[in-house]
Amino acid sequence: MSSSAPNFFQSVQSYFDKATKFTDIDAGILQQIKVCNAVYRLNFPVKIGNEVKVIEAYRVQHSHHRLPTKGGIRYSMHVNQDEVMALATLMTYKCAIVDVPFGGAKGGVKINPWDYTEEELERITRRYTSELVKRNFIGPAIDVPAPDYGTGPREMAWIYDTYRTFKDNEIDAAGCVTGKPVSQNGIVGRTEATGRGVYFGIREACSVAEDMQKLGLKPGIGGKTMAVQGLGNVGSYTAMISQDEGDVKIVGIGEVEGAIYKESGIDIHDLIRFRKETGSILNYPGAISFGKEEREKVLEFECDILVPAALENAIHADNAPRVKAKIIAEAANGPLTAEAEKILLEKGKLILPDLFLNAGGVTVSYFEWLKNLSHTRFGRLEKRFNQRTYDNLISYIEKTTQKKVDDFERTLIARGADEIDLVRSGLEETMINAYHSVRDIKLSKGINDYRTASFVCAIEKIADDYSALGIFP
Ligand code: GLU
């Protein structure tokens, strides 16, 4: 990436400015929507071995127009104030697009999590959480963290446990963090949620015949080829669900150790097993391997859909001209720089922006928070009732038609929804609605790209909130 290129935060702000031209919102309100409301930068000591290590960390709450604020915590050496501010900003708009009633936030701890033992990570996580509690920067009604790059259910369980030790008698304490293990007040389907949401978003985009025609592609996700950069949580679930449920052919995968390409298709489950066994995706049978130095080649593979699912700024001005995919599906946050986006749009590519495409994670986090506040799992009350109603209906049809429904079909039809069914159904509904509300704005306002339309969608909803709150005239 050239050094004169805008950084991630500047890119996000430039997208915002571009979008405001398509709204007629008061300049003051726009300014309030744009700025980060609160930035907490902290340093805290943690004993690592015989040494005391001072750790740099952040929590940024971008917007308080709805509470609590919401967003993941990332553990990475790339963490810096601008990055956390950019990510918190994206969370606000992301939540607005998918109608998740939260403001945006993000946290970051500047460590390489793979350099520490589990015990050390626990110490770091608990100390970071204690600092947030002390400053009132966490709580089910205040600010609710979740996993992000370098963190997962394990860290969320530590956060929840630490919070509980401070807030012993807070009845809704479990809602202080989402992405917890299911056994620790988590929700089933949260781990796969971002990848599943990415899949639903791509599937919906591919179902619009008119848009596919413009790209020279057939409508429908089935049979399309896909390359995925990053086999972390989001990348691996996107690939698995696209292959299993969408009949997509995975032709390329990129990871830290390199990239592989196989025109006839890679079975993603088999590749994940292979990587577990050998420690690498390289030399996967039948695939062409590119070593560490050439790992970015995955972004240039011949395919219909490219899914950057790693970190920000993966596609920049230098490599954008070599991207061959017609659809770029942003599973990561900010994988395209503003310059790259311009180049790709000029070439007529369809870019599905992070802002709505990877909102599946926060959507299911919202379901988890609702579950925590209601103190019961979804489906508990109505599952058996629905099952019995369908069963009665089948019996009635059998009686009136004198035809027997076989046992297999009966169990298929006469069932009530489990938590996982409801979570997936709620996520599917959310992603389909989000896609079409953004597409409608794009068409009605004559906007050229989905990112700008997504920003307009978010900005208009947040501005509405401010006027409803009576904060602005
Ligand atoms: N870290 C995820 C994101 O960037 C999830 C946030 C959440 O669940 O609150 O969207």
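Residues numbered from 1 in each chain as written. Predicted model: local features only at pLDDT ≥ 70, side-chain atom pairs only at ≥ 80, totals over all residues. Heavy atoms only, no water.

### Examining the site of the ligand
Around the ligand sit 14 residues, and of these Lys70, Lys94, Pro147, Asp148 and Ser365 come closest. Side-chain polar atom of Lys106 to an oxygen atom of the ligand: 2.9 Å apart, as the coordinates give it. Within the side chain of Arg190, an N or O atom sits 3.0 Å from an oxygen atom of the ligand. With the chains in place, 95% of the 300 Å² that the ligand exposes on its own is no longer accessible. Looking at the shell around the ligand, the elements with two or more residues in it are strand S3 (69–75), helix H3 (81–97), strand S5 (143–147) and helix H12 (360–374). (Near = heavy atom within 4 Å. Polar contact = N/O pair within 3.5 Å; in protein donor to acceptor, adjacent residues only side chain to side chain. Areas by Shrake-Rupley, 256 points an atom, 1.4 Å probe, with all protein chains shown as cover. Helix = DSSP H or I, 4+ residues; strand = E, 2+ residues; numbered from the N terminus.)

### Some thoughts on the packing of H12 against helix H15 (residues 419–444)
Relative to each other, H12 and H15 sit at 135°, their axes nearing to 10 Å. When the interaxial angle is binned, H12 and H15 end up oblique. When you trace H12 past H15, the crossing you get is right-handed. Across from Gly360, Thr363, Val364, Phe367 and Lys371 in H12, the residues of H15 making contact are Glu419, Val423, Gly426, Leu427, Thr430 and Met431. (Axes fitted to C-alpha atoms, helices over the stretch in contact; angles between N-to-C directions. Parallel < 35°, antiparallel > 145°, perpendicular 65-115°, else oblique. Left-handed = near helix turned anticlockwise from the far one by under 90°. Contact = heavy atoms within 4.5 Å.)

### With respect to unusual backbone geometry
Geometrically, the link from Leu67 to Pro68 is a cis peptide bond, its omega value of 5° lying close to zero. Examined against the element boundaries, Pro68 turns out to sit in the loop between strand S2 (51–61) and S3. With a phi angle near 60°, Asn136 is a residue other than glycine that sits in the positive phi range. As for its placement among the helices and strands, Asn136 is situated in the loop between helix H4 (118–134) and S5. With a phi angle near 60°, His375 is a residue other than glycine that sits in the positive phi range.

### Here we look at helix H16 (residues 450–468)
If you check H16, its first and last C-alpha atoms are 27 Å apart, about what 19 residues at 1.5 Å a residue would give, namely 27 Å. Judged by how many residues are buried, H16 sits mostly within the fold: 14 of 19 residues are covered. For H16, the side-chain oxygen to backbone nitrogen distance between the N-cap and Arg451 is 3.3 Å, and the N-cap itself is Asp449. (Expected span 1.5 Å × (residues − 1). Buried < 20%, exposed > 50% of the residue type's maximum accessible area, 1.4 Å probe, protein only.)

### Things to note about the nonpolar core
If you look at the biggest cluster of nonpolar residues, it comprises 95 residues, and the most contacted ones within it are Ile202, Ile253, Leu271, Leu352 and Phe455. Per-element tally for this core: the top contributor is H3, with 11 residues. Residues in contact with Ile253, not counting those within four places in the same chain, are Val228, Leu231, Gly258, Ala259, Ile260, Ile266, Ile268, Leu271, Ile281, Val298 and Phe301. In terms of nonpolar packing, the next biggest core, distinct from the first, is built from 29 residues, Leu42, Val46, Tyr75 and Tyr163 among them. (Core = buried A, V, L, I, M, F, W, Y, C linked by side-chain atoms within 4.5 Å.)

### Focus on a positive patch on the surface
Taken together, Arg377, Arg380, Arg384 and Arg388 make up a surface patch of like positive charges. For Arg384, the position within the fold is in helix H13 (residues 383–401). (Patch = residues over 30% accessible without salt bridge, like charges linked within 9 Å, V, L, I, M, F, W, Y side chains within 5 Å. Salt bridge = Lys/Arg side-chain N within 4 Å of Asp/Glu carboxyl O. Lys, Arg positive; Asp, Glu negative; His and termini not counted. Charge placed at Lys NZ, Arg CZ, Asp CG, Glu CD.)

The values reported here are purely geometric and, on their own, carry no functional implication.
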